[in-house]
Amino acid sequence: MFLCWLQETAEKLEIPWYPVIATASWYTLSCMKGPDMKREGFFQLNTSEKINLAVPGLEFSRSSDFPSDVLELEDFFTCHSQRLAKACAILVNTAEELDAPTGGLNGLRLQVEKMAMAMAGHRQVPRVFAVGPMVSIPGFSSVPQSKLTPLQGFNDHTFECLQWLDKQPTSSVLYIAFGSVIEISSEETVELAYALEITNVKFLWVLKASSSTPLSKLLPPGFEARTKKRGFTTSWAPQTQILMHASIAGFMTHCGWNSILEGLCSGVSFIAWPLANDEQQNAR
């Protein structure tokens, strides 16, 4: 996504450059439109959080959903966008059918065309292709089941959390995971733990822990003992295998694009808890 400096390398080597966008179409569109919108004062004039963006492909999004990193790193994303517009084609990790209700891909195509046409020594406008969803889930991957690694395989129940799920009723467990980069605060972690305890919900919760900070230090005193009959906490879990498990009823997620695609392809319901960057738009 952010390796657009490779465009200059490809140009020097005189080889084609096809960037693969791992995020949603609307985030890439926000990256390309955001610097101009900021310079034009859009976010100063539209201070209400409930104002929707009057940009083709972003109409579903509110001004408060706009990725803050794009506005904070204006120069970087300006350069990033100019390089994208020089690609041979742009490959986006989504599907036309999934994207259609938002118009994100079409909005991105319009923006890429506009930027490419405005460049000196104008070249052919790069086409934008939907090549997803790119997930390691049966039915959505071209890799045969026999060729999947043990970590990717869906018959490997050697993980303790999967063995625990095997014992739970169908569609009874809430899977909770907030990605590998950002975590909710310690105060929010404690409040979520109390909510799970009070509501008697069955849960499988992935919490980032370390050798210096074990899970027990992140949770309220005695929480694991009080909920051990209906809950499972771990510092890591094979997410796609969990989402495909028959006992999973829902997915509480930070709404990172990979997690969104894995949840959609697994057919589970979402509880959205976006934390940063593109996640608010994904949740919307």
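What you see is a predicted model, and the numbers here were worked out from it, not measured in a lab.

**A look at the confidence of the model for the protein**
Inference 1: In the predicted model, the protein carries a mean pLDDT of 88, and 89% of its residues have values of at least 70.
Inference 2: Mean pLDDT per element in the protein: helix α3 (residues 42–45) is the minimum at 74, and strand β4 (residues 173–177) is the maximum at 98.
Inference 3: Residue range residues 150–155 is modelled with pLDDT below 50. Its contacts to residues more than four positions away, or to other chains, number 17 contacts.

**Description of the packing of aromatic side chains**
Inference 1: Counted by the stated rule, this structure contains 10 aromatic pairs.
Inference 2: With a centroid separation of 5.4 Å and an interplanar angle of 70°, the aromatic rings of W26 and F60 are classed as edge-to-face. Remark: F60 occurs in the loop between α3 and α4 (68–72) and W26 occurs in helix α2 (residues 25–39); sequence separation between them is 34 residues.
Inference 3: Both rings, one in W26 and one in W257, keep their centres 5.4 Å apart while their planes meet at 80°; by these two values the pair is edge-to-face. Of the two residues, W26 is situated in helix α2 and W257 in helix α13 (residues 257–266); the sequence distance between them amounts to 231 residues. W257 matches W26 in its accessibility class, with the two residues each being buried.
Inference 4: Joined through ring pairs, the aromatic side chains of W26, F60 and W257 make up one cluster.

**Here's the deal with the pairing of strand β7 (residues 248–253)**
Working note: regular strand, side chains alternate between the two faces of the sheet.
Inference 1: Here β7 lies mainly inside the structure; 5 of its 6 residues are buried.
Inference 2: Across 5 bridges, the pairing between β4 and β7 is parallel. Pairing of V173 across the sheet is with I248, part of β7.
Inference 3: Pairing of β7 with strand β8 (residues 269–272), which is carried by 4 bridges, proceeds in the parallel orientation. Paired with M252 across the bridge in β8 is I271.
Inference 4: The β-α-β motif built from β7, the intervening α13 and the parallel element β8 has right-handed crossover chirality.

**As for the pattern of salt bridges**
Side-chain pairing between opposite charges can occur once the charged atoms of the two side chains come close.
Inference 1: The full count for this structure, using the stated rule, is 8 salt bridges.
Inference 2: The salt bridge partner of R39 is D36, with a shortest N-O separation of 2.7 Å. Within this pair, R39 and its partner D36 are both found in helix α2, separated by 3 residues, close to a single helical turn.
Inference 3: What makes R39 partly exposed here is its relative accessible area of 47%.
Inference 4: By relative accessible area, which is 31% here, D36 ends up partly exposed.
Inference 5: The partner of R226 in a salt bridge is E197, and the shortest N-O contact between them spans 2.5 Å. Of this pair, R226 sits in helix α11 (residues 223–227) while E197 sits in helix α9 (residues 186–199); the two residues are 29 residues apart in sequence, bridging distant segments of the chain.
Inference 6: Residues participating in the shared-partner salt-bridge network are D36, K38, R39 and E74.

**Structural notes on the sheet that holds strand β3 (residues 127–130)**
Inference 1: Taking strand neighbours across the sheet as the criterion, the 3 strands line up as β1-β2-β3 in an open arrangement whose pairing is parallel. The open sheet is flanked by β1 (20–21) and β3, the only strands paired with a single partner.
Inference 2: Of the strands in this sheet, β2 (89–92) and β3 are in contact with helix α7 (residues 104–118), which crosses β3 at around 160°.

**Some words on the sheet that holds strand β5 (residues 202–206)**
Inference 1: The strand order across the open sheet built from 5 strands is β6-β5-β4-β7-β8, with neighbouring strands paired in parallel fashion. Lying at the two open borders of the sheet, with one neighbouring strand each, are β6 (231–234) and β8. Taking the axes of each pair of neighbouring strands and ignoring which way they run, one obtains an average angle of 15° across the sheet.
Inference 2: Running over the sheet, α9 touches β4, β5 and β7 and is turned about 160° from β5.
Inference 3: Most of the contacts of α13 go to β8, to which it runs at about 155°, and overall it touches β7 and β8.

**Comments concerning helix α5 (residues 74–84)**
Inference 1: If you check which residues of α5 are buried, you get E74, F77, T78, H80, S81, R83 and L84.
Inference 2: Check the buried side of α5 and you find it contacts α1 (6–13), β1, α2, α4, β2 and α7.

What counts and how
- Residues numbered from 1 in each chain as written.
- Predicted model: local features only at pLDDT ≥ 70, side-chain atom pairs only at ≥ 80, totals over all residues.
- Heavy atoms only, no water.
- pLDDT = per-residue confidence, 0-100.
- Helix = DSSP H or I, 4+ residues; strand = E, 2+ residues; numbered from the N terminus.
- Contact = heavy atoms within 4.5 Å.
- Phe/Tyr/Trp six-rings, centres within 6.5 Å; stacked < 30°, edge-to-face > 60°.
- Buried < 20%, exposed > 50% of the residue type's maximum accessible area, 1.4 Å probe, protein only.
- Pairing = 2+ DSSP bridges.
- Right-handed = clockwise from strand over helix to strand, strands pointing away.
- Salt bridge = Lys/Arg side-chain N within 4 Å of Asp/Glu carboxyl O.
- Axes fitted to C-alpha atoms, helices over the stretch in contact; angles between N-to-C directions.

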